[in-house]
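Listed below are the residues making up each chain.
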Amino acid sequence: MRKKKGYFGRFGGMFVPETLVPFLEELEKAYLLVKSDKKFKEEYGYYLKEYAGRPTPLYFADRLTKKLGGANIFLKREDLLHTGAHKINNTIGQILLARKMGKTRIIAETGAGQHGVAVATVSAKFGMECVVYMGEEDIRRQALNVYKMRLLGADVVPVKSGAKTLKDAINETLRDWVTNVKNTFYILGSTVGPYPYPMIVRDFQSVIGREAKSQIKRIRNNNSLILIACVGGGSNSLGLFYPFLKDKNIKIFGVEGGGMGVNSDKHSATIIKGNIGILHGSKSLVLQDSDGQIKIPHSISAGLDYSGSGPEHCYLKETGRVTYVSATDKEALRAFHILTEIEGIIPALESSHAVAYALKIAPKYSKNTNIIINLSGRGDKDIDIVAEAEEQKI
Amino acid sequence: MNRITKLFRDVKKNKRKVFIPFMTAGYPDLESTVKLISALEKGGADLIEIGIPFSDPIADGPAIQASSVKALENGVTLKWIFKTVHKIRENVKIPLIFFSYLNPIMKYGLEKFFRDLKKADVDGVLIPDLPPEEAEEIKTFAEKYDIATIFFVAPTTSNKRMRFIETISDDFVYCVSVTGTTGTREKLFSKTKPYLMKIRSILKKPYVVGFGISTAEDVKKISEISDGVVVGSAIIKFIEKYKDSKLLSKKLENYIRKLKKPIK
Ligand SMILES: Cc1ncc(COP(=O)(O)O)c(C=O)c1O
């Protein structure tokens, strides 16, 4: 079969209204040009280092390792980046691209608010008008980030449709985009959406994996390696995984939001439980009912609370290269506390899902195995949610 | 011959314009769909677009979004819609087109969808999130069951691309009036005129204009530089306003007649 442009196996593509197609083609062209442009790479590298704070440490979590008594656990400290999560890697790249394309207005969706904050931040930094769409439910859950975005000068627009979370925020951003496409650049926050976004976001996030690869080489050479990251739309995970995919000896796990359990109907384990469909511009695994209506997902973590998934992840599931698992709300909360108490690192609830899975498997391995957990973000934004959840004793 | 082909032949021969109303299936309630579609025909529709509700309609503005939400709450499914179209076809003779996002179609099963369109005597489909580049498989089934697939051009579409889209759109082309979602707009004509003038010099196939058209005045002016118009959100708003009236279908029929009057 002919390999179709913008596809990962049978997933991906570009399923958008005609109005957007010419822009996406322009975006692809512009991106492929800058991708091999030395000056662009230098500029991007400069902001990653001097503005965002890269490289991030690959930190050996010795007390956690000791407590679990199995594999050595390393944390890729994306939580230490400016704005508190990996999202900034992508937003710097995309805003430089927007500037190159002559766009003056930035729009974005946000779930947890981490991507929104990262977009508002670079918009402030590069002097661009910025509008962020956010579901009303997420605005409630992530009040601190909303306040930050507004301080940064972004217009945060509450989205009242559907479940009032990430999926609905993306719908509304797409509607703005289809209206204002001539001067507006959509900074998409994850490896989702129509081609070329899944590729662009993956490439900008791959800095995580490239750094981790050289860092782990320096630490221990002969140990076998396991990678673990949480999967919402899939950007922090693919960013870590991508540079390692070719090495088949490395085991890779993507952890989805298990909510109240993947066999309940309250979870966001899209790759594990979804089936093929079209959502937000690409063909991927989607949580939907038997009539093709998109289901409302659930996760304690706003950043994982999404009914769609990245097309490349779907492909990696199908080829078996990556194993997709889940952690429940409860397991994530427990991991949140353990990491906080033992290592003095408060993880984002999204990242806590990755930690939760590591807690489960690390004891099964020996000192001859290294585990890298992508600590995609810090937990400051989640303190209220944790407090609220625990009062209700879930 | 397909009803749509026949319609546009007649349009050409008699130098007339087409009027295409849009209505969401199952809105405002399940019971009235058959009657309302029939009212659209009686009011003078030349072709009807039946909207298939979807949970995430990214190309739609507030009015059609709200009608989809309501229709889904009413329990509308594709299966129900097919059953209902059989009833509609007992008296409605003009061409019918389904306006549907791709996901419900995929879930239903592509081949089964087109086979059932044929069985229900529906003439075409219009899929707002399906650009021609992704349409190969759909086209294969559509051709197998003799269903027209209509594609869009937009103000952002290049001339070259317009010519390409024209070649794969059956019978006519759907021109999106302005960049944006469905929904009524002020001063639409002045915004869309330069683009429609350009299209006139490029497209050889008939083309209709939709998105934002809400008054008889829009209908008049826009059809002067096109082969016809599509009216959606304005109709949904009208139904919303009179949904509790016992005379809804009569009122709708008169409303359609009034909108169409300038091109009668
Ligand atoms: C800290 C953090 N981790 C992970 C995610 C999930 O997104 P992705 O799967 O794209 O990394 C988010 C999303 O908001 C986040 O804020």
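In the block above lies the structure referred to throughout.
All names here are of chain A. Looking at the secondary structure, you find His 267 in the loop between β10 (251–259) and α12 (270–273). By relative accessible area, which is 8% here, His 267 ends up buried. Taking C-alpha positions, His 267 is 9.8 Å from Ala 327, a pair spaced 60 residues apart along the chain. The contacts of His 267, once residues within four sequence positions are left out, are Gly 257, Gly 258, Gly 259, Gly 261, Val 262, Lys 273, Leu 287, Pro 297 and His 298. A polar contact of 3.5 Å, which involves the side chain of His 267, links it to the backbone oxygen of Val 262. Engagement of the side chain of His 267 in a polar contact is seen with the backbone nitrogen of Ala 269, the distance being 3.0 Å.

With that out of the way, let us pick up the packing of helix α9 (residues 188–202) of chain B against helix α10 (residues 216–224) of chain B. All names here are of chain B. Between α9 and α10, the least distance of the axes is 9 Å, while the angle of their chain directions is 20°. As far as their axial angle goes, α10 and α9 are roughly parallel. You can see that α9 and α10 cross each other, and the crossing is right-handed. In this structure, α9 uses Leu 188, Phe 189, Thr 192, Leu 196 and Arg 200 to contact α10, whose residues at the interface are Asp 218, Lys 221, Ile 222 and Glu 224. Considered class by class, the residues forming the contact of α9 with α10 number four nonpolar, one polar and four charged.

All names here are of chain A. Inspection of the region around the ligand gives 18 residues, with Ser 190, Gly 232, Gly 234, Ser 235 and Ser 376 positioned closest. The side chain of Lys 87 places a nitrogen or oxygen atom 3.2 Å from an oxygen atom of the ligand. The backbone of Gly 233 places a nitrogen or oxygen atom 3.2 Å from an oxygen atom of the ligand. Burial of the ligand by the protein chains amounts to 97% of its free accessible area of 390 Å².

This paragraph deals with the interface of chain B and chain A. Residue-level contacts link 35 residues of chain B with 37 residues of chain A. Summed over both partners, the interface of chain B with chain A buries about 2,900 Å², with 52% contributed by carbon and sulfur atoms. By the criterion of area lost to chain A, the three top residues of chain B are B:Ile58, B:Lys107 and B:Glu134, representing 23% of everything that side buries. Inspection of the chain B/chain A interface yields three salt bridges. B:Arg161 is the partner of A:Glu25 in a salt bridge, and the nearest nitrogen-oxygen pair spans 4.0 Å. Contributions of two or more residues to the side of chain B that touches chain A are made by α3 (62–73), α5 (102–108), β6 (152–153) and α8 (159–168) of chain B. Sort the elements by how many residues they give to the side of chain B that touches chain A and α5(B) lands first, with five residues.

A word on the pairing of β10(A). Residues and elements named next belong to chain A. Counting buried residues along β10, eight of its nine residues qualify, which places the element largely inside the surrounding structure. As paired elements, strand β9 (residues 224–230) and β10 share five bridges and run parallel to each other. The residue of β10 that forms the bridge with Ile 226 is Lys 251. Of the crossover connections in this fold, the one passing from β9 over helix α11 (residues 235–241) to the parallel β10 is right-handed. Here six bridges tie β10 to strand β13 (residues 323–328), and the two strands are oriented parallel to one another. Considered in β13, the bridge of Gly 254 is made with Tyr 324.

Analysis parameters
Residues numbered from 1 in each chain as written. Chains lettered and ligands numbered in written order. Predicted model: local features only at pLDDT ≥ 70, side-chain atom pairs only at ≥ 80, totals over all residues. Heavy atoms only, no water. Helix = DSSP H or I, 4+ residues; strand = E, 2+ residues; numbered from the N terminus. Buried < 20%, exposed > 50% of the residue type's maximum accessible area, 1.4 Å probe, protein only. Contact = heavy atoms within 4.5 Å. Polar contact = N/O pair within 3.5 Å; in protein donor to acceptor, adjacent residues only side chain to side chain. Axes fitted to C-alpha atoms, helices over the stretch in contact; angles between N-to-C directions. Parallel < 35°, antiparallel > 145°, perpendicular 65-115°, else oblique. Left-handed = near helix turned anticlockwise from the far one by under 90°. Nonpolar A, V, L, I, M, F, W, Y, C, P; charged D, E, K, R; others polar. Near = heavy atom within 4 Å. Areas by Shrake-Rupley, 256 points an atom, 1.4 Å probe, with all protein chains shown as cover. Buried area = accessible area lost by both parts, 1.4 Å probe. Salt bridge = Lys/Arg side-chain N within 4 Å of Asp/Glu carboxyl O. Pairing = 2+ DSSP bridges. Right-handed = clockwise from strand over helix to strand, strands pointing away.

Note that all results are geometric; they support no functional claim without further evidence.
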